[in-house]
Amino acid sequence: MSYDALIIGAGHNGLVAACYLARAGMKVCVVEKNDWIGGAAVSRELFPGFTYSNCSYVSSLFRPEIMRDLELPRHGLQILPYEGGAVLTRNGGYLAMFRDHDANRREFARHSPRDAEAYDRYSRDILRFCRFIRPMLMRTPPDPSRFRPRDLSELAFLGRQIGALSEGQIAAMVRFWTMSIADFLDEYFENPVIKAYLAVSAIIGTALGPMSPGSAYVLLHHYMGDVDGNVGAWGFARGGMGAITQALSKSLAAAGGEIRAGQGVDQVLVEGGRAVGVVLANGDEIRARRVISNMDVKRTFLGHVAEKDLPGDFVKRVRAFKTRGSSGKLNIALDAAPVFPALPEGSPMLKGDLHFTDSMERMERAYDDWKDGQFSRDPFQDAMIPTMIDPTMTPPGKHFMSCFVQYAPPKIAGRDWTDADRDAFRDTCLNQIEAYAPGFKNKVLHVEVRTPRELEAEVGLTEGNIFQGELTFDQLLFNRPVPGYADYRSPIRDLWICGSSTHPGGGVMGAPGRNAAAEILRDAKLGTRGMRDAYPVL
Amino acid sequence: MTDLTHWRRPLRQTPFHPRTAALNRLNLWGPWGGYTTALAFDDVAMEHTAIRNAASVYDLCPMVKYRIRGVQAAEYLNRLTLRNAGNLPVGSVHYTAWTDDAGKLLDDGTLFRHGPEDFLICCQERHLPWLLDSAAGFDVAITEVTEDIAALSLQGPCSASVLRAAGFAIDGLKPFRMANFRFAGGTLTISRTGFTGDLGYELWTSPDLALPLWDHLFEVGAPWGIRAIGTEALDLARIEAGFIIANMDFVPASQAVREDRARSPFEMGLDWMIDWQKGHFTGRRALLAEREAGSKWALVGLDIEGNTPATGALIYTGKGREAGFVTAACWSPATKRNLALAQVGRRYLTGPLQVEVYALRELQYARLMLAAEVVPRPFFAPDRRRATPPGDF
Ligand SMILES: Cc1cc2nc3c(=O)[nH]c(=O)nc-3n(C[C@H](O)[C@H](O)[C@H](O)COP(=O)(O)OP(=O)(O)OC[C@H]3O[C@@H](n4cnc5c(N)ncnc54)[C@H](O)[C@@H]3O)c2cc1C
């Protein structure tokens with residue numbers, strides 16, 4: 001039996017691509033090495049009665065155009081906006097965040113009256129950058145070194161985007177893409193806690209510190225999404241992030257597509273310079289008209305394609321693609337809600353993101369440990385308790401707490417992580433929370449600890465990089481994943497890539513999978529009628 | 001200092017809230033600058049009538065206020081704003097505006113000179129970082145004092161009579177002058193200013209005196225039919241007076257996400273404020289260039305055919321080319337005209353204009369193309385607003 005399209009990996013991007021192809025009439029099969037689907041958008045029950053968001057934990061980037069095209073709400077997807085959030089400070093205080101503009105201004109004013117009134121200009125500037133970048137998310141980047149009609153028309157589109165800006169805006173944009181978040185925030189704010197809160201999005205999943213050039217763009221990457229038009233807002237997927245990939249799998253089934261879990265790919269079959277199928281780890285062969293890899297670009301080409309089938313230059317570029325892991329995660333089952341004495345009773349802060357790093361200097365020091373090949377002794381944690389809002393993930397009164405941690409290196413001082421390292425990492429994180437929520441550790445029922453080692457072993461993320469490749473400017477747009485191959489193609493005919501290694505990058509966004517499908521459908525002369533263009537910002 | 005539980009009430013109550021809440025029969029409130037404010041109390045038409053016929057009271061507390069003090073306060077304000085603050089006598093007020101370096105409006109507002117080195121800016125939007133950054137090199141202290149001042153606007157032909165009855169000798173107070181009075185053991189500042197284009201005053205005091213002031217005014221004002229008014233009635237009056245509001249009639253440059261939304265003083269009809277002789281001020285170079293090269297937009301008053309308010313309407317030339325948009329509109333009870341404030345591309349001002357109005361006719365919109373004529377502002381400017389001593393009605 002042969003398929004029109006065989007997709008390696010049931011991550012959300014693989015599933016998005018599969019859905020679009022199936023809906024366009026192709027016979028589609030997705031093979032996934034794990035017994036479950038979802039990749040880094042997955043919810044598993046590892047402790048009885050508790051569903052985790054094991055990797056990704058919040059949603060904003062996932063494009064509503066895709067949800068609509070693929071009818072995901074009909075297949076059960078619900079995104080829940082959340083309110084609140086706080087940085088707990090070492091002096092026993094806190095800075096909270098509120099959805100209400102005036103409440104937020106007054107909260108900022110508690111820390112700095114000046115910063116309270118600086119926020120409007122700051123958000124205006126971020127919104128300007130979002131308006132620029134957003135239309136590019138759902139397009140294939142042009143190849144500036146080639147002159148095919150599509151490259152020219154995409155270059156012209158880029159030119160028009162830039163042409164619409166004033167000279168001042170172009171300068172501001174170029175600075176923003178290349179500068180550090182610390183320098184950027186210093187231009188607006190004076191208060192260290194406010195800056196620490198705002199810098200968070202610039203270091204999440206990133207092997208950069210807040211003072212590293214290039215970190216500002218990472219912040220934009222986390223701001224350019226929205227929840228129902230509320231730009232920059234984040235939400236929970238009801239039932240955990242796995243609900244997104246579950247809805248995608250239902251949409252795929254409705255379109256006649258097939259998923260085979262527990263069937264890892266060993267090798268892509270190449271015959272006569274064309275990809276013609278895969279050989280599974282169990283030795284079975286599946287034939288297909290085209291093969292699309294949802295694995296990251298390194299795993300795909302360095303792990304599952306014979307090097308002799310690839311140009312040397314390409315292999316060199318793929319090797320050079322930066323995938324340095326920087327993050328870890330704790331998924332915690334709690335017997336009861338933690339109590340943070342600093343936070344006023346009944347406050348919405350617990351429903352949002354909680355941080356314990358109250359200055360960018362502390363973040364930078366946490367990064368220094370990473371550079372030394374150690375996990376951070378005083379880590380940055382983005383802690384959330386989705387069950388404050390989502391009643392479906394735990395028994396009533398119990399809670400699931402998700403702690404995303406920076407920084408954790410791919411290797412400890414050059415050697416592999418050991419179980420002892422992992423346990424020490426866990427204890428460091430739990431102790432940090434305990435310091436702000438006495439009695440916290442006594443409520444812990446179960447912890448799933450994930451260092452880059454676990455992320456690589458389970459999801460296949462090379463070096464544990466959560467974005468399938470770093471989001472630095474040298475690896476974006478037409479340089480993602482490597483120059484000349486930003487159009488989701490590869491040097492091997494009929495072998496495509498559709499994961500977060502491709503434009504526009506990582507996060508649960510779906511855009512790489514959608515854009516790859518668009519290219520494949522154009523190539524197959526099937527057209528892209530079932531895809532809508534990006535919605536405007538504001 | 002804000003308390004830790006401020007978020008429980010994101011919309012604050014002003015110091016006058018106990019009184020406005022008791023009077024608000026419709027229970028109609030709207031947010032303004034982080035406060036709960038009355039949109040209407042019982043009947044917008046009656047409230048507007050109080051502004052034009054008797055005496056009306058409007059709670060002004062949410063206006064943003066900055067105190068500027070220091071030996072170089074006047075110099076600083078000359079640098080910051082368009083008008084000449086140095087020429088503003090102590091005890092006087094002027095309406096002014098300020099721009100960014102590109103000459104685009106950040107806000108307009110009133111500037112009060114309380115002493116040689118003591119000013120108060122009263123405006124719609126928040127600007128603390130801009131004001132502080134602009135102070136580099138000037139010996140001034142800038143503080144945000146919005147919550148330290150309780151303010152009421154007392155407007156209408158009988159407003160002077162109410163103040164006289166209240167025991168305040170305001171007969172000699174000319175427009176844009178202010179005076180201090182002793183009141184309830186504290187100080188009350190009365191300025192002859194307002195946002196209605198009518199005879200009127202604004203009253204400024206400390207928050208602890210807010211309720212005694214309100215009670216006193218309503219007690220002595222009863223014979224003149226003193227009445228609390230909400231934002232809807234005030235909005236009618238301010239359109240009649242031809243006044244503009246940031247974020248309603250123009251987008252402040254500091255908030256404009258689309259670069260082309262920012263407007264210059266020329267484009268908002270505020271160029272008369274510019275003192276070209278006073279020396280350098282922020283935006284001067286850009287504004288000089290614009291004076292030479294010409295401006296793209298103009299803020300105009302429109303008198304529109306028929307009686308359907310043209311709220312939010314697009315404006316077209318006689319030939320159907322899009323020419324601009326309405327920023328505020330109403331059927332004006334005081335002038336019996338269908339009025340609008342609008343931004344129109346300058347090059348379209350010479351020919352005929354029409355506005356596209358969607359008129360709600362029993363659940364169904366009818367699309368109307370109505371002829372519009374550019375007319376001078378203010379639309380309504382009775383002599384009584386300027387008379388000194390003010391009329392004894
Ligand atoms: C800990 C963590 C937290 C994160 N938090 C967030 C967040 O809160 N919000 C957000 O938007 N993003 C977050 N991200 C990023 C986001 O989850 C990822 O960028 C995104 O899910 C990647 O999706 P993908 O479809 O491109 O690839 P993946 O999810 O990596 O999917 C690849 C799939 O391929 C499979 N596979 C690998 N090798 C083989 C093989 N040989 N044969 C068959 N199948 C194979 C894998 O098992 C996997 O299912 C987080 C990521 C991590 C790891």
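Rules used in this analysis
Residues numbered from 1 in each chain as written. Chains lettered and ligands numbered in written order. Predicted model: local features only at pLDDT ≥ 70, side-chain atom pairs only at ≥ 80, totals over all residues. Heavy atoms only, no water. Contact = heavy atoms within 4.5 Å. Buried area = accessible area lost by both parts, 1.4 Å probe. Salt bridge = Lys/Arg side-chain N within 4 Å of Asp/Glu carboxyl O. Pairing = 2+ DSSP bridges. Helix = DSSP H or I, 4+ residues; strand = E, 2+ residues; numbered from the N terminus. Axes fitted to C-alpha atoms, helices over the stretch in contact; angles between N-to-C directions. Disulfide = S-S within 2.5 Å. Buried < 20%, exposed > 50% of the residue type's maximum accessible area, 1.4 Å probe, protein only. Domains from an automatic or database assignment. Polar contact = N/O pair within 3.5 Å; in protein donor to acceptor, adjacent residues only side chain to side chain.

Undergrad: Account for the interface of chain B and chain A, with residues named and values stated.
TA: Each side of the interface is counted separately: chain B has 32 residues, and chain A has 29 residues. Here chain B and chain A share an interface that buries about 2500 Å² over both sides, 53% of which is from carbon and sulfur atoms. For the chain B face of the interface with chain A, the top three residues by lost area are B:W7, B:V257 and B:E259, together amounting to 26%. At the boundary of chain B and chain A, one finds two salt bridges.

Undergrad: Any details on the sheet that holds strand β20 (residues 495–497) of chain A? Residues and values, ideally.
TA: Residue and element names in this part refer to chain A. A sheet is described by the order of its strands in space; here five strands give the open sequence β10-β3-β2-β14-β20, paired in parallel fashion. Of all strands in the sheet, those bounded by a partner on one side alone are β10 (258–261) and β20. Strand-to-strand twist across the sheet, computed as the mean angle between neighbouring axes with direction ignored, equals 20°. In terms of strand pairing, strand β14 (residues 291–293) meets β20 through three bridges, oriented parallel. Counted as the bridge partner of I292 is W496 from β20.

Undergrad: Before we move on, could you go through the state of the cysteines and cite the residues and values that matter?
TA: Taken as a whole, this structure holds zero disulfides over all chains when the rule is applied. Looking at A:C403, it has no disulfide partner, and the nearest cysteine sulfur is the one in A:C429, 7.4 Å off. Residue classification places A:C403 among the buried positions, given a relative accessible area of 0%. Of the cysteine sulfurs around B:C123, a residue in no disulfide, the closest is that of B:C122, at 6.8 Å. The class for B:C123 is buried, based on a relative accessible area of 1%.

Undergrad: Account for the domain arrangement of chain B, with residues named and values stated.
TA: Residues and elements named next belong to chain B. Domains assigned within chain B are domain 1 (5–61 + 149–241) and domain 2 (296–379). Once you take the C-alpha centre of each, domain 1 and domain 2 turn out to be 31 Å apart. With seven residues of domain 1 in contact, the opposing surface of domain 2 contributes 12 residues. In this assembly, domain 1 packs against domain 2 so that about 690 Å² is buried in total across both faces, 72% of it on carbon and sulfur atoms. There are three residue pairs in polar contact (both at pLDDT 80 or more) connecting domain 1 and domain 2. Secondary structure elements with two or more residues in the side of domain 1 that touches domain 2: α2 (44–53) and α7 (231–241). At five residues, the largest contribution of residues to the side of domain 1 that touches domain 2 is made by α7.

Undergrad: How would you explain the pattern of salt bridges if you had to name every residue and give the values?
TA: Residues and elements named next belong to chain A. Applying the stated criterion across every chain, the model contains 67 salt bridges over all chains. In this structure, R287 and E271 form a salt bridge, with 2.6 Å as the shortest nitrogen-oxygen distance. In this pair, R287 sits in strand β13 (residues 285–288) while E271 sits in strand β11 (residues 265–271), placing the two residues 16 residues apart along the sequence. Given a relative accessible area of 30%, R287 falls into the partly exposed group. Note that D416 and K411 form a salt bridge whose closest N and O atoms lie 2.8 Å from each other. Put simply, R148, R150, D151, D487, R489, E519, R522 and D523 are held in one network by salt bridges that share partners.

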